[in-house]
Each structure stands twice: as structure tokens, then as C-alpha cells.
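Structural description and commentary
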Amino acid sequence: MTESQDVHVDVGGRTLKLSNLQKVLYPQTGTTKGEVLDYYARIAPVLLPHLAGRAVTRIRWPHGVQDMSFFEKNAPAGTPSWVHTAEVPTTGSRGTSRHGDTLVFPIVDDLATLMWLVNLAALELHVHQWTVDDDGEPLGADRLVIDLDPGEPAGLHECCQVALLARDALAERDLEARPVTSGSKGLHLYATLPERLAPDRASELAKEVAEEMQAAYGDRVTATMTKAKRRGKVFFDWSQNAGSKTTVSPYSLRGRERPTVAAPLTWEEVEAGAEDELGLDQLTFTEVLERVDEHGDLFA
């Protein structure tokens, strides 16, 4: 099969044209577009429930991760009529909209929509912490997310140590944290909210936890976005709860040198990473598929 040869497949009763299956999207590992599509098809049973009802922003690498990428919020020209969409206010979102003060996001609620987006080289799928209803109307945030981002020379080891402290701080607010590798350098912590909150209020709550952590552990935690103040510390990023902000979805690939994934973890794994600098690493898509086969959805 040549790189440019197209393949027509039936996905859930939809006919999709998949193209350039032999194109290498991750040169360091030789991972092809076909392998990326295969990963998303196989991970879909555990990924799709976490995309359901959420507007999806994509980061696309048409020529592979060694080349330029771009964010895409609006459903692109040529979007199939069967793809569900939601028209929502921009609320200060980055980028311009063809629709004035609103953005029209795709809602990825089935395998066909997922495969269609991935065929456009959308390696990363980012979502808000709020959802939309069946009519596409935005609802409040149903969860908090904390992005633990290490400033060199701090790394994943330090993120694991801070994650354990953050778990306790969230538990004091009756919020149960779930850990996910970022697929990049750090960790994400998610906590389901007992009731929906306006994104501004959810962001305020996350900021309260961040400032509490900085006050108690200022030698290793910062709640300040200024990069100069992050060196050797873990940035406790609360801002991704804002209405216009997104976080890479659990089980999404990342556009890094290797095909790493935002991978749900157990707290035992985080504890191992906190004890040993080599106790935890970012996971590749093959490792994540094996973990799901063995353990199911750790993020469920």
C-alpha cells in the first residue's frame, strides 16, 4: 500500500475514507497514521465515555510530530452532516470564529466521529471541564482538574510527591482525586464535583486549593504562572477549569517525540513514583492498550 492510497471502511454504518495510512507521524518510533487510527479504534470503548457531551478541541499534526501543528476548535469545512456539534459562546477562547461570538465544536459521541477526526491527523483531543446537554446547550462544570507541571530540574517524581499532598487537600473538601499522566512531563488530577458549578466558581475552588498548597509547601509548589518562578518546583495549575480552557482528555495521544498517552493511573503507582525517581514514567499507546486489557478503565 502506498502512503497516498485511500481505504474506505464502514464504521458504525458510516462510510469513512481513510488516507495516507503509511505516513509516519512519529518519526522517532516510526509510528504510522494507520497505527494511530488502530490505537484510537481499540481504545475507543474506554475513551468515548470521557468525551461524551464535551466540546472537543483538536491539535493536528498533518505532517507528523516533527513538523508544525495547529489548534482547531470549530468543526472544519467538510464536516459530515452526521457529526454532532454544539454552538457555544467563545467566553474568551483563543482564536477567531467563523460564527461571530460563538464556536461550533464537534461532539465526539461515537466511533465514526472519532475515526473521522483522527484521520485528519488530530493526535490530541482536548476537552473542557463542562459538558453540553442533548440540545448542545452548555451546562456547568462537573469536575475539577489540576495540572501538575514540573519546572526543571523537577520532573514526574516531584509531581507524584505533590499529587499525594494534593489528594489530601482535595479530600478535605470531600473531593476524591484520580491521577492521570499528562503524556508530556507531569500529572493531572481530576475530581468529580458533587454538583455542577459555573466554570468561574470551579476555577475559584481550584485556585483556593492551589494557594493553600503553595502556602504550605512553597519550597516545592507554586501557584504562580510566571515561568521564572517555576524552576525546581511543581506548578499547581488551577486555571484549566476556566470556561474557555481545555485539558487533554484521558486516553488521548500526545504530539511528543514518542506516542505517549494521557494515561489513568492507580494511586499505588503514584506512590511508587513519589518514592523512586525511576518508579514511574510516561506511558506509550501500546502500554496503555495492555493496561486496559488487564485492568479495564482506571478512570471510570
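Residues numbered from 1 in each chain as written. Predicted model: local features only at pLDDT ≥ 70, side-chain atom pairs only at ≥ 80, totals over all residues. Heavy atoms only, no water.

With that settled, consider the overall build of the protein. Along its length, the protein carries six helices and 18 strands. Computed over the C-alpha atoms, the radius of gyration of the protein is 19 Å, within 12% of the 19 Å expected from 2.2 N^0.38 for a compact globule of 300 residues. Based on the C-alpha atoms only, the size of the protein along its principal axes is roughly 55 × 40 × 35 Å. Residues counted as buried form 55% of the 300 residues belonging to the protein. Within the protein, contacts between residues at least 6 apart in sequence are counted, and of these 65% link residues at least 24 apart. For the protein, the exposed surface amounts to about 13500 Å²; the carbon and sulfur share of it is 47%. Here the protein carries 30 positive and 46 negative side-chain charges, and the mean point of each set is 6 Å from the other. (Helix = DSSP H or I, 4+ residues; strand = E, 2+ residues; numbered from the N terminus. Rg over C-alpha atoms; globule rule 2.2 N^0.38 Å. Buried < 20%, exposed > 50% of the residue type's maximum accessible area, 1.4 Å probe, protein only. Contact = heavy atoms within 4.5 Å. Areas by Shrake-Rupley, 256 points an atom, 1.4 Å probe, with all protein chains shown as cover. Lys, Arg positive; Asp, Glu negative; His and termini not counted. Charge placed at Lys NZ, Arg CZ, Asp CG, Glu CD.)

Two elements in contact, helix α3 (residues 156-171) and helix α4 (residues 199-216), have axes whose closest approach is 11 Å; the angle formed by their N-to-C orientations is 125°. Our classification of the angle between α3 and α4 gives oblique. In terms of crossing hand, the pair formed by α3 and α4 is right-handed. For the pair α3 and α4, the contacting residues are Val162, Leu165, Ala166, Ala169 and Leu170 in the first and Val209, Glu212 and Met213 in the second. When grouped by side-chain class, the residues that make up the contact of α3 with α4 number seven nonpolar, no polar and one charged. (Axes fitted to C-alpha atoms, helices over the stretch in contact; angles between N-to-C directions. Parallel < 35°, antiparallel > 145°, perpendicular 65-115°, else oblique. Left-handed = near helix turned anticlockwise from the far one by under 90°. Nonpolar A, V, L, I, M, F, W, Y, C, P; charged D, E, K, R; others polar.)

Per the counting criterion, the structure on display carries twelve salt bridges. Where Asp6 meets Lys17, a salt bridge forms, and the shortest distance between an N and an O atom there is 3.9 Å. Taken as a pair, Asp6 in the segment before β1 (7-11) and Lys17 in strand β2 (residues 14-18) lie far apart in primary sequence, eleven residues in all. Asp6 gets classed as partly exposed once you look at its relative accessible area, which sits at 34%. A salt bridge links Arg291 to Glu269, with the shortest nitrogen-to-oxygen separation between them at 2.6 Å. Placement of Arg291 in helix α6 (residues 285-295) and of Glu269 in helix α5 (residues 267-275) is noted, with a sequence separation of 22 residues between them. (Salt bridge = Lys/Arg side-chain N within 4 Å of Asp/Glu carboxyl O.)

So, about the nonpolar core. Side chains of nonpolar character tend, in soluble globular proteins, to be buried together. One finds Tyr39, Tyr40, Ile43, Leu114, Leu148 and Phe236 to be the most contacted residues of the largest nonpolar core, which totals 85 residues. In this structure, Leu114 is in contact with Tyr40, Ala44, Leu47, Leu48, Val108 and Leu125, ignoring residues within four places of it in sequence. (Core = buried A, V, L, I, M, F, W, Y, C linked by side-chain atoms within 4.5 Å.)

Further remarks concern empty space enclosed by the protein. Summed over the entire model, instances satisfying the criterion amount to one cavity of 30 Å³ or more. Estimated volume of the largest cavity: approximately 50 Å³. Residue lining of the largest cavity: Tyr251, Ala263, Pro264, Val288, Arg291, Val292, Gly296 and Leu298, and that is the complete set. (1 Å grid on protein atoms, 1.4 Å probe; cavity = no way out; pocket = protein on both sides within 12 Å on 5 of 7 lines; lining within 4 Å. Points joined across faces, edges and corners; volume = space filled by probe spheres on them.)

Read across the open sheet, the four strands follow the order β6-β5-β9-β16; overall the sheet is antiparallel. Sheet topology places β6 (70-72) and β16 (247-248) at the edges, where each strand pairs with a single neighbour. As defined by bridge partners, strand β9 (residues 122-127) adjoins β16 across two bridges and the pair is classed as antiparallel. Directly across from Val127, in β16, lies its bridge partner Thr247. Those strands touched by helix α1 (residues 33-51) are β5 (56-60) and β9, and its axis lies near 5° from that of β9. (Pairing = 2+ DSSP bridges.)

Looking now at α5. Those residues of α5 that sit buried are Trp267, Val270, Gly273 and Ala274. Summarising the axial view, the buried residues of α5 lie within an arc of 115°, below the 170-degree limit, and thus occupy one face. Projecting away from the buried face of α5 at angles above 90 degrees are the exposed residues Glu268 and Glu275. On its buried face, α5 sits against α3, β12 (177-181) and β13 (187-197). (Arc of directions from axis to C-beta.)

Reported here for the largest pocket is a volume of approximately 960 Å³. Residue lining of the largest pocket: 34 residues in total, with Asp147, Asp149, Arg230, Asp237 and Gln240 positioned closest to the centre. Taken together, the elements giving at least two residues each to the lining of the largest pocket come down to β9, β11 (138-150), β15 (234-237) and β16. Top contributing element to the lining of the largest pocket by residue count: β11, with four residues. In terms of residue class, the lining of the largest pocket is built from seven nonpolar, 13 polar and 14 charged.

Take the confidence of the model for the protein next. Residues with a pLDDT of 70 or more make up 95% of the protein, whose mean pLDDT is 94. Confidence over residues 92-99 falls short of pLDDT 50; this stretch has 15 contacts with residues more than four positions distant or in other chains. (pLDDT = per-residue confidence, 0-100.)

Further remarks concern a negative patch on the surface. A cluster of acidic side chains, namely Asp281, Glu287, Glu290, Asp293 and Glu294, defines a negative patch on the protein surface. Residue class for Glu287 comes out partly exposed when judged on its relative accessible area of 32%. (Patch = residues over 30% accessible without salt bridge, like charges linked within 9 Å, V, L, I, M, F, W, Y side chains within 5 Å.)

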